[in-house]
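The lines below spell out each chain.
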Amino acid sequence: NDFIPLAEETGVITQLTKWAIEQGIKDLITLLPDNPKLGVSINISARDLVSGDLADLIESILKQYDVAPEKLTVELTETAAMEDPEKGLVILRKLAEMGLQVSIDDFGSGYSSLSYLKQLPATEIKLDRSLIMDVCTSDSSKVIVETSINMAHGLGCKLVAEGIEDEETARLVKEMGCDMLQ
């Protein structure tokens, strides 16, 4: 909560993102021989998204380490996607055209527009843990989670439920059709 906003404010976030992408790709390379289906996800800040350098940075790192673009998922929060919607959409489409996976993180925690969401080239939506916490005890939470799963699938995306902390919750969201649990 404190570190990332400070890194964005001071401009250090760009160097951190470059390091995270490169380190993630290096780690992936060491794991791929034993786990060929493995990929890596990297969180991207709003500042990185609209910097104009992100696509070129990712492309050069992937080429340097000879890693297929589909092995990399860029994750950004729905609020990051909404910070500069037009510019963000252009960059996200470019990343998707390069072959990267795009994940919308913490979905349901902000105030994003569903009309904007349908334009995003996302392959994955990660449902915020705040919507999962009481899914076993709250009928309204169940409706929201189930509706989110159906919406994600209708948009051609996988849905990841964040914040799964017990077997009962895991079982319920799997029964609802959730693709992955975190």
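Residues numbered from 1 in each chain as written. Predicted model: local features only at pLDDT ≥ 70, side-chain atom pairs only at ≥ 80, totals over all residues. Heavy atoms only, no water.

> What is the right way to look at the overall build of the protein in this model?
In terms of helices and strands, the protein carries 10 helices and six strands. For a compact globule of 182 residues, the expected C-alpha radius of gyration is about 16 Å, and the protein comes in at 17 Å, within 12% of that figure. Principal axes of the C-alpha set define a box for the protein whose edges measure 50 × 40 × 30 Å. Classification of the 182 residues of the protein by burial places 41% in the buried group. Partitioning the contacts of the protein with sequence separation of at least 6, the portion at a separation of at least 24 is 67%. For the protein, the computed accessible surface area is about 10,100 Å², with 51% contributed by carbon and sulfur atoms. (Helix = DSSP H or I, 4+ residues; strand = E, 2+ residues; numbered from the N terminus. Rg over C-alpha atoms; globule rule 2.2 N^0.38 Å. Buried < 20%, exposed > 50% of the residue type's maximum accessible area, 1.4 Å probe, protein only. Contact = heavy atoms within 4.5 Å. Areas by Shrake-Rupley, 256 points an atom, 1.4 Å probe, with all protein chains shown as cover.)

> Got a minute to help me understand the sheet that holds strand β4 (residues 124-127) in this structure?
If you walk across this open sheet you meet the six strands as β1-β2-β3-β4-β5-β6, and the pairing is parallel. Each having just a single partner strand, β1 (40-43) and β6 (180-181) make up the two edges of the open sheet. In terms of strand pairing, strand β3 (residues 101-107) meets β4 through three bridges, oriented parallel. Across the sheet, residue I104 finds its bridge partner in β4, namely I125. (Pairing = 2+ DSSP bridges.)

> Please clarify how the pattern of salt bridges should be interpreted in this entry.
Two side chains with opposite charge may pair up if their charged atoms get near one another. Under the defined criterion, the tally for this structure stands at four salt bridges. E162 is the salt-bridge partner of K126, the closest N and O atoms lying 3.8 Å from each other. With K126 in strand β4 and E162 in the loop between β5 (158-161) and α10 (167-175), the pair connects residues that are 36 residues apart, well separated along the chain. Judged by its relative accessible area of 5%, K126 is buried. We note a salt bridge from E165 to R129, for which the minimum N-O separation is 2.5 Å. With E165 in the loop between β5 and α10 and R129 in helix α8 (residues 129-132), this pair connects stretches of sequence that are 36 residues apart. On the basis of relative accessible area, E165 is assigned to the exposed category, the value being 63%. (Salt bridge = Lys/Arg side-chain N within 4 Å of Asp/Glu carboxyl O.)

> Could you clarify how one ought to interpret the confidence of the model for the protein in this entry?
If pLDDT is low for a region, its predicted coordinates should not be looked at in detail. Taken as a whole, the protein shows an average pLDDT of 90; of its residues, 95% reach a score of 70 or greater. When mean pLDDT is taken per element in the protein, α10 scores highest with 97 and helix α5 (residues 78-83) scores lowest with 66. (pLDDT = per-residue confidence, 0-100.)

> What is the right way to look at the pairing of β3 in this model?
Look at any regular strand and the pattern is simple: side chains alternate between the two faces of the sheet. Extensive coverage of β3 is indicated by the burial of five of its seven residues. Judged from the five bridges that link them, strand β2 (residues 72-77) and β3 form a sheet pairing that is parallel. Residue pairing across strands places L76 opposite I104, the latter belonging to β3.

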